[in-house]
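# Inside the fold
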Amino acid sequence: MGRALRGAPRRAEPGMTMAGRGRAPLPLLALALLALAQPAWAPDPYGEECRSKMYPPSGPTFKGNIPTYVINLDLPPSKRWDDLMRDKKTELKTVVQNIKDIANTFFPSGKVVDIVDNKIAHLTATLPYPFNEELQGIANSSGIPLGEIVIFNIFYEIFTVCTSIVAEDKTGKLYHARNLDFGLFLGWDVKNNSWTLTRELKPLVVLLDFQRNNKTVFKSTNFAGYIGMVSGVKPNLFTLTMNERFSLDGGYVGIFEWFLGRRDGMWMGFLTRTVLENATSYQDAKDRLAKTRLLAPAYFILGGKNSGEGCVITRSRTAALDIWDLDIKKGTWYVLETNYDRWKPPLVLDNRRGPAMKCLNQTTQENLSLPAIYDVLSTKPVLNKLTVCTTLMEVYNGHTETYLRECPDPCSPW
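Residues numbered from 1 in each chain as written. Predicted model: local features only at pLDDT ≥ 70, side-chain atom pairs only at ≥ 80, totals over all residues. Heavy atoms only, no water.

The subject of this paragraph is the environment of A167. Tracing the chain through its elements places A167 in strand β4 (residues 160-168). With 165 residues separating them along the chain, A167 and T332 place their C-alpha atoms 8.9 Å apart. Apart from the residues lying within four places of it in its own chain, the contact partners of A167 are K173, L174, Y175, W333, Y334, L368 and I373. (Helix = DSSP H or I, 4+ residues; strand = E, 2+ residues; numbered from the N terminus. Contact = heavy atoms within 4.5 Å.)

It is worth spelling out the pattern of salt bridges at this point. One pass over the full model with this rule turns up 19 salt bridges. The partner of E148 in a salt bridge is K100, and the shortest N-O contact between them spans 3.3 Å. Placement of the pair is E148 in helix α5 (residues 146-154) and K100 in helix α2 (residues 82-106), with a sequence separation of 48 residues. With relative accessibility at 6%, the residue E148 sits in the buried group. Under the relative-accessibility criterion, K100 is labelled partly exposed at 21%. Residue D189 is joined to R199 by a salt bridge in which the shortest nitrogen-to-oxygen separation is 3.1 Å. You can see D189 sitting in strand β6 (residues 188-189) and its partner R199 sitting in helix α6 (residues 196-201), a full 10 residues away along the chain. Salt bridges here are not isolated pairs; linked through shared partners, they connect R80, E134, R212, R273 and E277. (Salt bridge = Lys/Arg side-chain N within 4 Å of Asp/Glu carboxyl O. Buried < 20%, exposed > 50% of the residue type's maximum accessible area, 1.4 Å probe, protein only.)

The tally for this structure, following the rule as stated, stands at 12 aromatic pairs. When the ring of Y55 is compared with that of Y403, the centres are 6.4 Å apart and the planes differ by 80°; the resulting orientation is edge-to-face. Here Y403 lies in strand β17 (residues 399-405) and Y55 lies in the loop between α1 (29-36) and β2 (62-65), a separation of 348 residues in the sequence. The exposure class assigned to Y55 is partly exposed, which follows from its relative accessible area of 26%. Y403 gets classed as buried once you look at its relative accessible area, which sits at 11%. Measuring from centroid to centroid gives 4.9 Å for W267 and F270, while their planes differ by 10°, and the two rings are stacked. When its relative accessible area of 2% is taken as the criterion, F270 is described as buried. Members of the aromatic cluster, joined through ring pairs, are Y55, F62, Y374 and Y403. (Phe/Tyr/Trp six-rings, centres within 6.5 Å; stacked < 30°, edge-to-face > 60°.)

This paragraph deals with the state of the cysteines. A covalent bond bridging the sulfur atoms of two cysteines is what the word disulfide describes. Applying the stated criterion across every chain, the model contains 2 disulfides. Each disulfide pairs two cysteine sulfurs, and for C50 the partner residue is C359, the sulfurs being separated by 2.2 Å. Between C50 and C359, the S-S torsion sits near -95°, and that sign places the bridge as left-handed. With a gap of 309 residues between them, C50 in the loop between α1 and β2 and C359 in helix α10 (residues 353-363) connect regions that are remote in the sequence. Across the pair, exposure class does not vary: C50 and C359 are buried alike. A disulfide bridge connects C407 with C411, and the sulfur atoms are separated by 1.9 Å. One disulfide, between C407 and C411, carries an S-S torsion of 105° and so falls in the right-handed class. The class of C407 is buried, set by a relative accessible area of 3%. For C411, a relative accessible area of 5% translates into the label buried. Sequence-ordered numbering of the bonded cysteines in the protein chain gives a disulfide pattern of 1-2, 3-4. The structure places no disulfide on C162, whose sulfur is separated from the nearest cysteine sulfur, that of C389, by 8.5 Å. (Disulfide = S-S within 2.5 Å.)

Let us look at α2. The end-to-end C-alpha distance of α2 is 33 Å, a good match for the 36 Å that 25 residues give at a rise of 1.5 Å each. The largest bend along α2 measures about 65° and falls at K88. Listed as buried for α2 are L84, M85, K88, L92, V95, V96, N98, I99, D101, I102 and A103. (Expected span 1.5 Å × (residues − 1). Bend = angle between axes of the 7 residues up to and from the residue.)

Moving on, we come to α10. Residues lying three or four places apart along an α-helix face the same way, a consequence of the helix completing one turn every 3.6 residues. Within α10 the residues assigned to the buried category are R353, A356, C359, L360 and T363. Looking straight down α10, one finds that the buried residues subtend no more than 140° of arc, so they occupy a single side. In the segment just after α10, T364 is the residue with positive phi, at about 75°. (Arc of directions from axis to C-beta.)

If you want it as structure tokens, here you go:
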């Protein structure tokens, strides 16, 4: 992180501001420019030695635990989220207003927000059941216009920047963990030296226990108001996380096509939720994630319950480009994904992959555990200013832990 890059925009500097608000949004086009730029090596000013003994979480990198809510799948879809919205609607309104402020910065006429409120709401009816009714229910219980709830959900198709790991120890036990990084280019807060949206999202992080007939179907670490899934576990079957894949044929293209009427692609978060709810095995989940047409390219990181069941599925919007499996006999005891294809070098301004792999290799398979993986995910720049939370999962009994995070200065912006 922080290395020189020929032809690419600089990071947001502390002195950059948005008029009257003390924060600095960067153009969304900058992300595409970064992805296309060619790397040039320079030392990483934000790197550090691999962390150790960070678990149980405490100290300046730990911001707190998260609450748990039951989502009752036996209720009508429009009523499933009422209890959660009753508790979190104020925090959700803050985040939605932040997104509107950013939109108004780029389009001061206010027309974009008008389109969201008056046009996009009508498109909700084109979404598959039960997602369309759940979004309407969240709008009703939160008092936030339906179009703005839809946009809040769309943001996770194109702004999720994460690190996910599936690893197997010497006994064949599987672990799955991730840092959820969110808020890239969505307003730099100069006063607090942080991404505004990243900070405002932390109070929305919740653990959701989806139940049917009073029994857990799956669990997910989520943002209140978002009905897709970015991290989840189906007890005794599989674990799953989703990372954004930077591509010119990306989420912007798919969402634009959806606006224009093409509806053959599935939203990433809707697919992961459908898989968590309905897949009956690791292989069934793997097949669904590899073959379903998507609205946006993605990485799906999947872990199972048996030795060797772990993979990263690299997806275009139409097909699986690569499936990278655990292969213990050949020495592949972990798979790791950030936001770049594994056969290509990561962007030099965003090399979380190298430090994470270094720390995993230093840990060794013999010493692997959830606390050890938490150490890896606590090492800068794997931990950075965009990191909202860290989630640790084991498939047996659906074990999951999530902790809110903070990256004290000096710390990489991403």
